[in-house]
Amino acid sequence: MKREKVGKLYGKPHLVPLARQAVAIFEELQPVTGRGVMVFRGERTHARPMSDAAINAALRAMGFSAEEVTGHGFRATARTMLVERLGMSESAVEAQLAHSVKDSLGRAYNRTEFMAERLAMMQRWADYLDELRSAVPA
């Protein structure tokens, strides 16, 4: 999430609506992850979330080079595909990615969260990924 540490600690929480498929995966993972505060906790310090470096290290361990893919690149890919392929509104996508409104006046007056639209968007995204997966021969 793109926010300074003070904003993450003391700012308004960033809510992330989840598709049915994501909820099912979290329910399946619960026996492994337990009932802790974080699902993706740090390896060394369980009180902190998993770092970007851990995600990138996992990608490297799977054989992907840094020029090929990064953890942050998934955000850019999803943002592009949600708008260009699925026709989602840029405002809702930006809200989902926790991007702030660019100009200070907009930040002062724009407090919309697009929650209903974001939930529909995340469900459409999960369904789209399922469609892509089913199109690949086994």
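Remember, it's a predicted structure, so these values are computed and weren't measured experimentally.

Regarding the side chain of R118
Item 1. With respect to the element layout, R118 can be found in helix α7 (residues 115-135).
Item 2. Here R118 sits buried without a salt bridge, and the closest side chain of opposite charge, E113, lies 5.1 Å off (N-O distance).
Item 3. Polar side-chain contacts of R118 include one of 3.1 Å to the backbone oxygen of E113.

Quick word on the packing of aromatic side chains
Item 1. Per the stated rule, a full pass over the model turns up two aromatic pairs.
Item 2. Plain terms: the ring middles of W125 and Y128 are 6.1 Å apart, the flat faces sit at 35° to each other, and that makes the pair tilted. One end of the pair, W125, and the other, Y128, are both in helix α7, three residues apart, so they sit about a helical turn from each other. Residue W125 shares its accessibility class with Y128, and that shared class is buried.

Definitions and limits used
Residues numbered from 1 in each chain as written. Predicted model: local features only at pLDDT ≥ 70, side-chain atom pairs only at ≥ 80, totals over all residues. Heavy atoms only, no water. Helix = DSSP H or I, 4+ residues; strand = E, 2+ residues; numbered from the N terminus. Buried < 20%, exposed > 50% of the residue type's maximum accessible area, 1.4 Å probe, protein only. Lys, Arg positive; Asp, Glu negative; His and termini not counted. Salt bridge = Lys/Arg side-chain N within 4 Å of Asp/Glu carboxyl O. Polar contact = N/O pair within 3.5 Å; in protein donor to acceptor, adjacent residues only side chain to side chain. Phe/Tyr/Trp six-rings, centres within 6.5 Å; stacked < 30°, edge-to-face > 60°.

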